Amino acid sequence: MDLRYWLPRAAEVAERWGERFGSFAAHPSHRVDEADFAAAFERFAKRLEHNYPFFHPRYAGQMVKPPHPAALVGYLTAMRFNPNNHAYEGGPATNDMERECVAALAGMFGLPAHVGHLTSSGTIANLEALYVARQSHPGRGVAYSAQAHYTHSRMCHVLGVAGHAVAADAQGRMDPGALEELLRTGRVGTVVVTCGTTGLGAVDPVHEVLALARRYGARVHVDAAYGGFFALLAGDDERAAELGIDPLPWRAIAGCDSVTVDPHKHGLQPYGCGAVLFADPAIGRHFAHDSPYTYFTDAELHLGEISLECSRAGASAAALWLTLQLLPLTADGLGAGLAAGRRTALAWAELIEAGDELTLYQRPQLDIVTYFPSPGGGRPALSAIDAAGDRVLRAGMADERDPVYLSVLRVDAGDFARRHPGVRVDADGARVLRSVLIKPEAQAWLPRLHARVAELAAQAVGPDGPCASPSSDAPTAVPAVPLAVATAVPLAVPTVPSSVPSSVPSPEESAR
Ligand SMILES: *Cc1c(COP(=O)(O)O)cnc(C)c1O
């Protein structure tokens, strides 16, 4: 896709359509001088350079990347009409697109029936699911894993329901035994399972939790905001086995009561695109309202009638719809990009285990890799591991010549010691390094990424740690890849800062 062609086309669609209504004079109050605009735009563009290169495989931190060009063109084209998907008359075309997208998402999870809609975010989608949970199981609380997204306890607070954190096992998954103990008290009406925790990418045992919850008359909500699109890979036995993904939790989603998934994470969409799906269309009754502002033109429930939010960008639905025309919800469609990320995570885990500089915090379950600089001999202190991780993070970002951008995850001392019993616990927790391999381009870049992070880790641990001085053949054996070839779509990417060289530095520079 050449955006130099498609961006002007995006602007034309609304304009050409608008011509049929006749010309009229624009009001002078909003008129701006072309030169003023040019000057303001320059200042604006300059400001935007204060950013991280989310598009580039050097960025291996949070679950962020720019939207697919199809989503970008879809969004901009529809935004010129500015539809509001709160109600059908806010924009019939994008309301229809939203319904089709939601049906496709329900199909991805195998829901036999559904009602649902897009939301501004995963947080709002979860809030809505917990609101319905409260209405259908009044007076009972919500259980979620101690590793669940932090907004679940916040939203329980907002809704005035009791939230209960359930212990996680040694791989960060909800412990069914601990859950059953809590269910036995009768205080829990809804269990939230997470398919892909935000921190570790851990997948709760949905199949086991669902069976338990049903025994105790509880609802089950699946928070698949981050991991939901891995259902495309888990649905195919052969591929799931090849990628080391247990299909059972994913298959069990079809029997749960509600699901959240964020197209603005693995669905290639710009921010502002979450989704919530309910298995029982009758939950619409919890949203009954009588808005004096909205007139109805549709026999079906309006999207706004089954939503806590009012105004919502129809352009989000347009962007997702256009994307799914080209990359449908199949293992070989949108799933191919996720499979690349998963393969990269597996390959990186192997490289880390084979080398001396880094240690895996735990084995990746999806495409999130967590690791820390291998401490020197003896009994390493947790505080030293924490400090070394922080040095890697900072040194990676500060090096203009060969930067790498990671993120950190704070883990409890107990959780750390369970995975690495040799550690001396001298602090209540530690930061471990975390890379979400959400871009398929990370696969080809992996040798460089690993070499650079390993080199930084060796430097962070210092001369007493293993591999303090990088050997001449390790980090520099990677082929030189000019940055320009990593960017196929010229207009979709910011220009690379001039301080970043187009080739791999020499060994002397690397050892700096
Ligand atoms: C990202 C995420 C959320 C929150 O979604 P937002 O779209 O950031 O509001 C909730 N749960 C999980 C598991 C997530 O990964």
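Predicted, not measured: the structure shown is a model, and the values here were computed from it. (Residues numbered from 1 in each chain as written. Predicted model: local features only at pLDDT ≥ 70, side-chain atom pairs only at ≥ 80, totals over all residues. Heavy atoms only, no water.)

A.B. asks: Quick rundown of the nonpolar core? Include the residues and the values.
C.D. replies: Core analysis: the biggest nonpolar cluster contains 60 residues, and Leu-105, Phe-109, Leu-179, Val-191 and Trp-250 have the highest contact counts within it. Looking at this core, the element that brings in the most residues is helix H4 (residues 92-109), giving 6 residues. Composition of this core by domain shows at least three residues from each of domain 1 (74-289 + 300-326) and domain 2 (335-503). One finds Ile-352, Leu-393, Ala-457 and Ala-460 within the second-largest nonpolar core, a separate group that totals 25 residues. (Core = buried A, V, L, I, M, F, W, Y, C linked by side-chain atoms within 4.5 Å. Buried < 20%, exposed > 50% of the residue type's maximum accessible area, 1.4 Å probe, protein only. Helix = DSSP H or I, 4+ residues; strand = E, 2+ residues; numbered from the N terminus. Domains from an automatic or database assignment.)

A.B. asks: Give a description of the sheet that holds strand S11 (residues 429-436) that names residues and reports values.
C.D. replies: Each strand in a sheet pairs with another by means of backbone hydrogen bonds, the pair being arranged parallel or else antiparallel. What the 4 strands build is an open sheet, ordered S8-S9-S11-S10; its pairing is antiparallel. Because the sheet does not close on itself, it has two edges, and the strands there are strand S8 (358-362) and strand S10 (407-412). Mean inter-strand twist for the sheet, computed between neighbouring axes without regard to direction, equals 45°. Sitting on the sheet, helix H14 (residues 382-398) is in contact with strand S9 (368-373), S10 and S11, with an inclination near 35° to S11. Sheet strands touched by helix H16 (residues 442-461): S8 and S9. Its angle to S8, the strand with the most contacts, is close to 105°. (Pairing = 2+ DSSP bridges. Axes fitted to C-alpha atoms, helices over the stretch in contact; angles between N-to-C directions. Contact = heavy atoms within 4.5 Å.)

A.B. asks: Any details on a nonpolar patch on the surface? Residues and values, ideally.
C.D. replies: Together, Val-32, Phe-37, Phe-41, Phe-44 and Leu-48 give the surface a local cluster of nonpolar side chains, amounting to about 510 Å² of exposed area. Looking at the element boundaries, Phe-37 is found in helix H2 (residues 34-48). Note on Phe-37: relative accessible area 47%, which makes it partly exposed. (Patch = residues over 30% accessible without salt bridge, like charges linked within 9 Å, V, L, I, M, F, W, Y side chains within 5 Å. Areas by Shrake-Rupley, 256 points an atom, 1.4 Å probe, with all protein chains shown as cover. Salt bridge = Lys/Arg side-chain N within 4 Å of Asp/Glu carboxyl O.)

A.B. asks: Describe the sheet that holds strand S6 (residues 258-261), with residues and values.
C.D. replies: In space, the 7 strands of this open sheet follow the order S1-S7-S6-S5-S4-S2-S3, with mixed pairing throughout. Among the strands making up the open sheet, the edge pair consists of strand S1 (115-119) and strand S3 (163-166). Sheet twist, expressed as the mean angle between neighbouring strand axes with direction ignored, is 20°. As paired strands, S1 and strand S7 (residues 274-278) are joined by 5 bridges and run antiparallel to one another. The partner of Val-115 across the bridge, within S7, is Phe-278.

A.B. asks: Hey, could you go over the environment of Ala-87 for me, with residue numbers and the actual values?
C.D. replies: Assignment of secondary structure puts Ala-87 in the loop between helix H3 (69-79) and H4. Put simply, Ala-87 and Cys-310 are 223 residues apart on the chain and 8.6 Å apart in space, counted from C-alpha to C-alpha.

A.B. asks: Could you give an account of the side chain of Thr-197, with specific residues and numbers?
C.D. replies: Here Thr-197 lies in the loop between strand S4 (188-194) and helix H8 (206-215). By relative accessible area, Thr-197 is classed as buried at 1%. Reaching out from Thr-197, the side chain makes a polar contact with the backbone nitrogen of Leu-200 at a distance of 3.4 Å. Residue contacts for Thr-197: discarding those within four places in its chain leaves Gln-147, Gly-172, Ala-202, Tyr-226 and Ile-368. (Polar contact = N/O pair within 3.5 Å; in protein donor to acceptor, adjacent residues only side chain to side chain.)

A.B. asks: Describe in detail unusual backbone geometry, supporting the description with residues and values.
C.D. replies: Negative phi characterises most residues that are not glycine, and trans characterises most peptide bonds. At Asn-82, a position not held by glycine, the phi torsion is positive, near 50°. For Asn-82, the position within the fold is in the loop between H3 and H4. If you check the backbone angles, Leu-268 has positive phi at about 70° while not being a glycine. Residue position: Leu-268 is located in the loop between S6 and S7. What makes Leu-268 buried here is its relative accessible area of 13%.

A.B. asks: I'd like to hear about helix H12 (residues 314-326), residue by residue, with values.
C.D. replies: With 13 residues, H12 ought to run about 18 Å at 1.5 Å a step, and its terminal C-alpha atoms sit 19 Å apart, in line with that. Of all the residues in H12, the buried ones are Gly-314, Ala-315, Ser-316, Ala-317, Ala-318, Ala-319, Leu-320, Thr-323 and Leu-324. Packed against the buried residues of H12 are H3, H4 and S1. (Expected span 1.5 Å × (residues − 1).)

A.B. asks: Requested: an account of the site of the ligand, with residues and values cited.
C.D. replies: If you check the shell around the ligand, you find 14 residues, and the closest are Gly-122, Thr-123, Asp-223, Asp-262 and Lys-265. Thr-198 has a polar side-chain atom sitting 2.8 Å from an oxygen atom of the ligand. Taking Asp-262, its side chain carries an N or O atom lying 2.7 Å from an oxygen atom of the ligand. Tallying contributions element by element places helix H5 (residues 122-136) first for the shell around the ligand, with 3 residues. Split by residue class, the shell around the ligand holds 2 nonpolar, 9 polar and 3 charged. (Near = heavy atom within 4 Å. Nonpolar A, V, L, I, M, F, W, Y, C, P; charged D, E, K, R; others polar.)

A.B. asks: Any details on the packing of aromatic side chains? Residues and values, ideally.
C.D. replies: Overall, the coordinates contain 13 aromatic pairs when judged by the stated rule. Where Tyr-226 meets Phe-230, the ring centres are 6.4 Å apart and the plane angle is 65°; that geometry is what we call edge-to-face. Residue Phe-230 is classed as buried on the basis of its relative accessible area of 0%. Note on Tyr-361 and Phe-416: the rings are 5.7 Å apart at their centroids and 45° apart in plane angle, and the pair reads as tilted. Placement of the pair is Tyr-361 in strand S8 and Phe-416 in helix H15 (residues 413-419), with a sequence separation of 55 residues. Of the two residues, Tyr-361 and Phe-416, both sit in the buried class. By way of ring pairs, the aromatic residues Tyr-52, Phe-54, Tyr-59 and Tyr-405 are connected into one cluster. (Phe/Tyr/Trp six-rings, centres within 6.5 Å; stacked < 30°, edge-to-face > 60°.)

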